[in-house]
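Each chain, letter by letter, is given below.
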Amino acid sequence: MTMTFPLTEKRDAEALLKHLTLHKLSYPGNCVVSLKAYVAYVTSSHTTALGTARTAW
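Along every chain, residues carry numbers that run from 1 in the direction the sequence is written. Totals for whole chains, interfaces and linings use all residues, but because this is a predicted model, local features are given only for residues with pLDDT of at least 70 and pairs of side-chain atoms are given and counted only at 80 or more. Heavy atoms from the whole structure form the basis of all side-chain values; hydrogens and water molecules are not counted.

Caption draft 1: Focus on the nonpolar core. With 13 residues, the main nonpolar core has F5, L16, L20, L25, V33 and V42 as its most contacted residues. What counts as a helix is a DSSP run of H or I of at least four residues, what counts as a strand is a run of E of at least two, and both are numbered from the N terminus. Tallying contributions element by element places helix α2 (residues 47-56) first for this core, with 3 residues. Think of a nonpolar core as a cluster: buried Ala, Val, Leu, Ile, Met, Phe, Trp, Tyr and Cys residues, connected wherever their side-chain atoms sit within 4.5 Å. Here's how the labels work: a residue is buried when its accessible area is under 20% of the maximum for its type, exposed when over 50%, partly exposed in between, all with a 1.4 Å probe on protein chains only.

Here's what the structure looks like:
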């Protein structure tokens, strides 16, 4: 499953990686992160953790 995470000045790529770690998702362990200018695409087979992380973001 792939979900998008919007990025801002306060919520940047580094903050996203820390946030994903809080939800037991680690790059490059069990998820893939693709960064674009204002959005990150996160893919993982751990759909529940990914959904929870997206909701909390």
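Caption draft 2: Main features of the packing of aromatic side chains. Between the rings of Phe, Tyr and Trp (Trp by its six-membered ring), a pair exists once the centres lie within 6.5 Å; its type follows the angle of the planes, with under 30 degrees stacked, over 60 edge-to-face, and the other angles tilted. Tallying each qualifying case throughout the model produces 1 aromatic pair. Pairing F5 with W57 gives two aromatic rings, centres 6.2 Å apart and planes at 70°, and the pair type is edge-to-face. Here the residue F5 occupies a position in strand β1 (residues 2-6), and W57 occupies one in the segment after α2, the gap between them amounting to 52 residues. Its relative accessible area of 10% is what places W57 among the buried residues. Only when the NZ of Lys or the CZ of Arg is both within 6 Å of the ring centre and within 35 degrees of the ring normal is a charge said to sit over the ring. In this structure, R11 packs its charged tip against the face of W57, placed 4.7 Å from the ring centre. Over the ring of F5 we find R54; its NZ or CZ atom is 5.7 Å from the centre of that ring.

Caption draft 3: Geometry of the environment of A53. Position of A53 among the secondary structure elements: in helix α2. For A53, a relative accessible area of 0% translates into the label buried. Through-space distance from the C-alpha of A53 to that of R11 is 14 Å; in sequence the pair is 42 residues apart. Setting aside its immediate chain neighbours within four residues, A53 contacts F5, H19, L20, H23 and L25. In what follows, a contact means two residues having at least one pair of non-hydrogen atoms within 4.5 Å.

Caption draft 4: Inspection of the side chain of H19 at higher detail. Take H19: it is sitting in helix α1 (residues 13-22). Classification of H19 by relative accessible area gives buried; the value is 12%. In this structure, H19 is in contact with A53, A56 and W57, ignoring residues within four places of it in sequence.

Everything listed is a geometric property; what it means functionally is a separate question.
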